[in-house]
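One letter stands for each residue in the lines below.
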Amino acid sequence: MERPAAHPYRALPVHASRFIGRQRELAEVGRLVGRSRLVTLTGAAGSGKTRLALEVAAWAPRKRDGPCLVELASLSEAGLLPHAFASALEIREVQARPVLDTLQERLAGYEGLIVVDNCEHLVEACAELVDRLLRHCPGLTVLATSREPLHVDGEVAWQVPTFSLPQDGASMRDTMRAESVVLFVERARQTARQFEITASNALQVAAICRRLDGIPLAIELAAARVAVLDLSSIGEKLDDRFRFLTGGLRTAPQRQRTLRAAVDWSYDLLTTAERQLFDRLSVFA
Ligand SMILES: Nc1ncnc2c1ncn2[C@@H]1O[C@H](COP(=O)(O)OP(=O)(O)O)[C@@H](O)[C@H]1O
Ligand SMILES: [Mg+2]
């Protein structure tokens, strides 16, 4: 996807922080959305699904309607799903009429993209609703995010990759270009303005990012500590945490699984309001 020179259409929420990297992913998902009517970005919590989906939607070719966002993080009851769609899409419910019928009718002529964010906790209900809407609304394209695919007919599930990491022995220049390192430095500067990456600390930053498997949320959590801890202490704390979480088991796959679980776990513990704030400000604790 070539980025147009003009500003993209922005009816979608705008993040305070700059969107980092992901040029290949933007192009790839942009192509998929142009070709398929349901694309689901999958991956663990904190892997960057929401951010990528919104960026793809913002740069997608303009259609008559949208792009719109249906945000489901705070919805806990599957039965309320059609209401959540109606309210996000500003479709007024008609008294004594099933909201699903109203939704279907009002979207029948919709021409454009709808981002459905955070389907994982209501995956079956989402699958059913999205399937129904796609069948009845020929101009509708859905870009969903979910830890797991919806398994709906025609769905293209696309796993969001982790942020790029510097290779072992990479030059200073290449280290500073890796997405993980760029994210770490930007978030570190939000809490410690004087933070700079230099020849003497680049290796430590790279090691922290590698340790965090290039997961954007995990990198943000670590970078937010730069104001109170030096890099070697952050590295040690990560070490301790792994040792603690794995009970001394230090095989790599186990470590990675545990880290993912830890990030999922900490993110799940946030209230919706906190999560939204966190998503917007990328600040943690
Ligand atoms: N490309 C990016 N540029 C800047 N920040 C990013 C990027 N991708 C993810 N992040 C940040 O990392 C965190 C996790 O990303 P998010 O999209 O919320 O993950 P997910 O939706 O998979 O849980 C968020 O704070 C988000 O702003
Ligand atoms: Mg998300």
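This one's a predicted model, so the numbers in the text were calculated from it and none came from an experiment.

Draft legend 1. The arrangement of the site of ligand 1 in detail. Ligand 1 sits among 21 residues. The nearest are Ile-20, Gly-46, Lys-49, Thr-50 and Glu-220. Within the side chain of Thr-50, a nitrogen or oxygen atom sits 2.8 Å from an oxygen atom of ligand 1. Arg-187 is positioned such that a nitrogen or oxygen atom in its side chain is 3.2 Å from a nitrogen atom of ligand 1. Protein contact buries 98% of the 550 Å² of open area that ligand 1 shows by itself. Among the residues forming the shell around ligand 1, the class breakdown is nine nonpolar, five polar and seven charged.

Draft legend 2. Representation of the environment of Val-70 in the model. Its location among the elements puts Val-70 in strand E2 (residues 65-71). According to the relative accessible area criterion, Val-70 is buried, its value standing at 1%.

Draft legend 3. Representation of the pattern of salt bridges. Here the structure, examined in full by the defined rule, presents nine salt bridges. Between Asp-65 and Arg-64 there is a salt bridge; the shortest N-O distance is 3.0 Å. Among the salt bridges present, the one from Arg-97 reaches Glu-105, with a minimum N-O distance of 3.1 Å. On the basis of relative accessible area, Glu-105 is assigned to the partly exposed category, the value being 49%.

Draft legend 4. Up close: helix H9 (residues 216-223). The buried fraction of H9 is high, at eight of eight residues. For H9, the set of buried residues is Pro-216, Leu-217, Ala-218, Ile-219, Glu-220, Leu-221, Ala-222 and Ala-223.

Draft legend 5. Structural context of the packing of helix H3 (residues 81-88) against helix H5 (residues 123-136). One way to put it is that H3 packs onto H5 with a least axis distance of 10 Å and a crossing angle of 55°. Comparing the axis directions of H3 and H5 gives the class oblique. In this structure, H3 uses Leu-81, Pro-82 and Phe-85 to contact H5, whose residues at the interface are Ala-125, Cys-126, Leu-129 and Leu-133. Looking at the contact of H3 with H5, its residues break down into seven nonpolar, no polar and no charged.

Draft legend 6. Layout of the pairing of strand E4 (residues 140-146). Taking burial as the measure, the seven residues of E4 include seven buried ones, the bulk of the element. Residues Leu-140, Val-142, Ala-144 and Ser-146 of E4 are buried on one face, and the alternating residues Thr-141, Leu-143 and Thr-145, pointing to the opposite face, are buried as well. Bridge count between strand E1 (residues 38-42) and E4: five bridges; the pairing is parallel. Bridging across to E4, Thr-40 finds its partner in Ala-144.

Draft legend 7. Quick peek at the environment of Val-156. With respect to the helices, strands and loops of the structure, Val-156 is situated in strand E5 (residues 156-159). When the C-alpha positions of Val-156 and Arg-37 are compared, they lie 8.5 Å apart, and in sequence the two are 119 residues distant. With residues up to four places along the chain from it excluded, the contact list for Val-156 reads Leu-32, Ser-36, Leu-38, Val-39 and Thr-40.

Rules and cut-offs
- Residues numbered from 1 in each chain as written.
- Chains lettered and ligands numbered in written order.
- Predicted model: local features only at pLDDT ≥ 70, side-chain atom pairs only at ≥ 80, totals over all residues.
- Heavy atoms only, no water.
- Near = heavy atom within 4 Å.
- Polar contact = N/O pair within 3.5 Å; in protein donor to acceptor, adjacent residues only side chain to side chain.
- Areas by Shrake-Rupley, 256 points an atom, 1.4 Å probe, with all protein chains shown as cover.
- Nonpolar A, V, L, I, M, F, W, Y, C, P; charged D, E, K, R; others polar.
- Helix = DSSP H or I, 4+ residues; strand = E, 2+ residues; numbered from the N terminus.
- Buried < 20%, exposed > 50% of the residue type's maximum accessible area, 1.4 Å probe, protein only.
- Salt bridge = Lys/Arg side-chain N within 4 Å of Asp/Glu carboxyl O.
- Axes fitted to C-alpha atoms, helices over the stretch in contact; angles between N-to-C directions.
- Parallel < 35°, antiparallel > 145°, perpendicular 65-115°, else oblique.
- Contact = heavy atoms within 4.5 Å.
- Pairing = 2+ DSSP bridges.

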